Amino acid sequence: MGKVVIGIPVKNSGRWLPKFFKAFDKLTYPKEDMRVVFIVGESTDNTLELIQIFKEQSGVRVNVYKEQSNNDMRIGGIQLGAEVYKDFQHLMEDDDDYWMLMDCDLVDFPEDLIQQLIDVDADIVAPYPWSENHRHFYDNFIFRVDNFRFSPQHPPGEGQKHPVIVDSVGTCFLTKKEVFV
């Protein structure tokens, strides 16, 4: 076990948060070893209200940070991802062991997701974003191996039970604290 900080970027995420929170509440990882950090963009929906309810009811320590308005950050892509990662880095506390980034549109994931990722014992690990219900590879346009797009019909690692090295990934990932040092 170890202490896990779960960073969740949100902006106008009210439509996803109820289902995300329902799945999150089922996580079996000890609540006293988790801390949730929301980075809130300039939302115009009920995102902040839903986060407040989660904060009051979840039993998990929750921090909420307003994203700084910065027009340079709106260019997207890798540079934006690197900036967000750097921003999250400074939110880690001395006793935190892992940083986990989760998209708030994850509405179904295994109850032991955190422990599964920790058990891989890699510096950075991400689960396969495969939809069994719809039989497709999630967001295949951003998942690449050796700068080649994954095929939604035959993704790399299909049928394997070990990690596959990719160039980029979305959905969620877990990083050991040592990566930041």
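Look up: the structure comes first, before these words.
Residues numbered from 1 in each chain as written. Predicted model: local features only at pLDDT ≥ 70, side-chain atom pairs only at ≥ 80, totals over all residues. Heavy atoms only, no water.

A. Representation of helix α1 (residues 17-25) in the model. Those residues of α1 lying buried are L17, F20, F21, A23 and F24. Each buried residue of α1 lies within a common arc of 165 degrees when the element is viewed along its axis, so the set occupies one face. Those residues of α1 that are exposed and aimed more than 90 degrees away from the buried face are K19 and K22. Residues of α1 that are buried in the fold lie against β1 (4-10), β2 (34-40), α2 (47-57) and β4 (98-102). (Buried < 20%, exposed > 50% of the residue type's maximum accessible area, 1.4 Å probe, protein only. Helix = DSSP H or I, 4+ residues; strand = E, 2+ residues; numbered from the N terminus. Arc of directions from axis to C-beta. Contact = heavy atoms within 4.5 Å.)

B. Seen up close, a negative patch on the surface. A cluster of acidic residues, D94, D95, D97, D123 and E178, forms a negative patch at the surface. When you line up the elements, D95 lands in the loop between α3 (77-89) and β4. The class of D95 is partly exposed, set by a relative accessible area of 43%. (Patch = residues over 30% accessible without salt bridge, like charges linked within 9 Å, V, L, I, M, F, W, Y side chains within 5 Å. Areas by Shrake-Rupley, 256 points an atom, 1.4 Å probe, with all protein chains shown as cover. Salt bridge = Lys/Arg side-chain N within 4 Å of Asp/Glu carboxyl O. Lys, Arg positive; Asp, Glu negative; His and termini not counted. Charge placed at Lys NZ, Arg CZ, Asp CG, Glu CD.)

C. Layout of the side chain of D33. In this fold, D33 is placed in the loop between α1 and β2. Taking the relative accessible area as the measure of exposure, D33 reaches 16% and is therefore buried. Residues within four places of D33 in sequence aside, it is in contact with M1, G2, K3 and V4.

D. The arrangement of the pairing of strand β10 (residues 172-176) in detail. Counting buried positions along β10 gives 5 out of 5 residues, so the element sits mostly inside the fold. Side chains C172, L174 and K176 project from β10 onto one buried face, and the interleaved F173 and T175 project onto a second face that is buried too. Here 5 bridges tie β4 to β10, and the two strands are oriented antiparallel to one another. The residue bridging M102 from the neighbouring strand is C172, located in β10. (Pairing = 2+ DSSP bridges.)

E. Representation of the nonpolar core within the structure. If you look at the biggest cluster of nonpolar residues, it comprises 33 residues, and the most contacted ones within it are I6, F24, F38, M100 and M102. Those elements giving two or more residues to this core turn out to be β1, α1, β2, α2, β4, α4 (113-120) and β10. Of the residues forming this core, the biggest block, 5 residues, is contributed by α1. Not counting residues within four places of it along the chain, the set of residues in contact with F38 comprises I8, V10, F21, I51, F54, V62, N63, V64 and Y65. With 9 residues, the next largest nonpolar core counts V37, M92, F173 and F180 among its residues. (Core = buried A, V, L, I, M, F, W, Y, C linked by side-chain atoms within 4.5 Å.)

F. Structural view of the pattern of salt bridges. Tallied over the full model, the rule gives 5 salt bridges. Notably, a salt bridge pairs K3 with D33, separated by 3.5 Å at the nearest N-O pair. Of this pair, K3 sits in the segment before β1 while D33 sits in the loop between α1 and β2; the two residues are 30 residues apart in sequence, bridging distant segments of the chain. Notably, a salt bridge pairs R61 with E93, separated by 2.4 Å at the nearest N-O pair. Of this pair, R61 sits in strand β3 (residues 61-66) while E93 sits in the loop between α3 and β4, placing them 32 residues apart in sequence. A relative accessible area of 44% means that R61 is categorised as partly exposed. Assessed through its relative accessible area of 28%, E93 is described here as partly exposed. One salt-bridge network, held together by shared partners, links R35, R61, E93 and D96.

This is a description of form; function is not addressed.
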